[in-house]
Amino acid sequence: MGNIVKAIVYGQEYNLVYNSSTGKYEAEVTAPIASSYQNNAGHYFPVSIIATDEAGNSTTVSDTVGNFRENLKLYVKEQIKPKVIDITPSSGANITTSNPTFEFTVVDNANGQNTGFAGINPDSIVLIIGGNTVNTSDITKTPITGGYKCTYTPSTAIADGECTFSIKVSDYDGNDSETIVTVFKVDTVPPVLEITSPADGSYYNTGDIIVIGKTSDATSSPVTVSIAVNGTDQGSVTVGSDGSFSKEITLDNVGDNTITIIATDMAGKKSTITRTVVLKTTAPEFKTVEIAPNPINCGKTYTISVSFVED
């Protein structure tokens, strides 16, 4: 057999050698390292085969010429899993809205490049929030190099408490990403805050008093407490495991003092209680003391009257 047979695949030329045991011209070829999916609308690499006999007569068959067109379409699939990255809310996050915007990016390789890769199939994105699968058409997909930046805001409020959502995606070659699972907390309710002392409008004859209270939060414990007197922070407040706290503070104004107590949960929700108390450090000073009539007859009524120097 004197034919010279060559194949052209993805721009590379290969010589086919006659195999007497099979009676065929053969060549063992290494597939391109790139996926064929993005190469053309048919998602294949075209193969051309040229046979030339001893007299110089030449015949060419390819994906567009001859009777073997379908046989000369080389489908090459990459095997790298796509990835889901840059996820919000992040795992362990505490958020204060019941309609958070979910954000994530899907790329067909770790570097976010698209050369040689099949590319992300946007219709394959699976987003499950709290056990409910989101319709992929409701996810906004903005093309980026190598994939998509995705956002989704639920129309139905998410209940307070722990929420789980998961994401996975596939590329056009059928490679599935790892399923990414994220758990966060929704907390739209501020912490409970109760103050048992001091009572609003209380009077004190010393500047050192004790604030006593209790706080709790069903979703985002532990809760921290801060106390300020007339805008001045009174230092760290220890909150017990049951939410109770007591803190000695110092009143710095003779007269009215404003005490502000703030409880903050892990989601950043706050509850505030304000107490106004009065510091009075001087004893009353008598201005007049009178008994009238004086003297008085036995068994008769008299009046004692007292007045004070105004503060």
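Everything quoted here is computed from the prediction, not taken from an experiment.

Caption draft 1: Just the sheet that holds strand β17 (residues 203-204), in detail. One open sheet holds the five strands; their spatial order is β17-β23-β22-β19-β20, and the pairing between them is mixed. One side of each edge strand has no neighbouring strand; the edge strands of this open sheet are β17 and β20 (232-233). Sheet topology places strand β19 (residues 224-229) next to β20; two bridges connect them, and they run antiparallel. Across the sheet, V229 pairs through a bridge with T232, a residue of β20.

Caption draft 2: Layout of the pattern of salt bridges. Scanning the entire structure with this criterion turns up three salt bridges. A salt bridge links K73 to E70, with the shortest nitrogen-to-oxygen separation between them at 2.8 Å. Ionic pairing is found between E178 and K81, a salt bridge with its closest N-O pair at 2.7 Å. A residue pair is termed long-range when its members are at least 10 positions apart, and E178 in the loop between β14 (161-168) and β15 (180-186) and K81 in the loop between β6 (73-74) and β7 (83-88) qualify at 97 residues. Taking relative accessible area as the criterion, K81 reaches 43% and is therefore assigned partly exposed.

Caption draft 3: Spotlight on the packing of aromatic side chains. Tallying each qualifying case throughout the model produces eight aromatic pairs. One aromatic cluster is present, formed by F102, F165 and F184 through successive ring pairs.

Caption draft 4: Layout of unusual backbone geometry. Backbone torsion omega between S221 and P222 reads 0°, so that peptide bond is classified as cis. Mapped onto the elements, P222 comes out in the loop between β18 (208-216) and β19. Residue N294 is joined to P295 through a cis peptide bond whose omega torsion reads 5°. Here P295 lies in the loop between β24 (286-292) and β25 (303-308). Located in the positive-phi region is H43, a residue other than glycine, with phi close to 65°. By the element assignment, H43 lies in the loop between β3 (24-26) and β4 (45-52).

Cut-off values and rules
- Residues numbered from 1 in each chain as written.
- Predicted model: local features only at pLDDT ≥ 70, side-chain atom pairs only at ≥ 80, totals over all residues.
- Heavy atoms only, no water.
- Pairing = 2+ DSSP bridges.
- Helix = DSSP H or I, 4+ residues; strand = E, 2+ residues; numbered from the N terminus.
- Salt bridge = Lys/Arg side-chain N within 4 Å of Asp/Glu carboxyl O.
- Buried < 20%, exposed > 50% of the residue type's maximum accessible area, 1.4 Å probe, protein only.
- Phe/Tyr/Trp six-rings, centres within 6.5 Å; stacked < 30°, edge-to-face > 60°.

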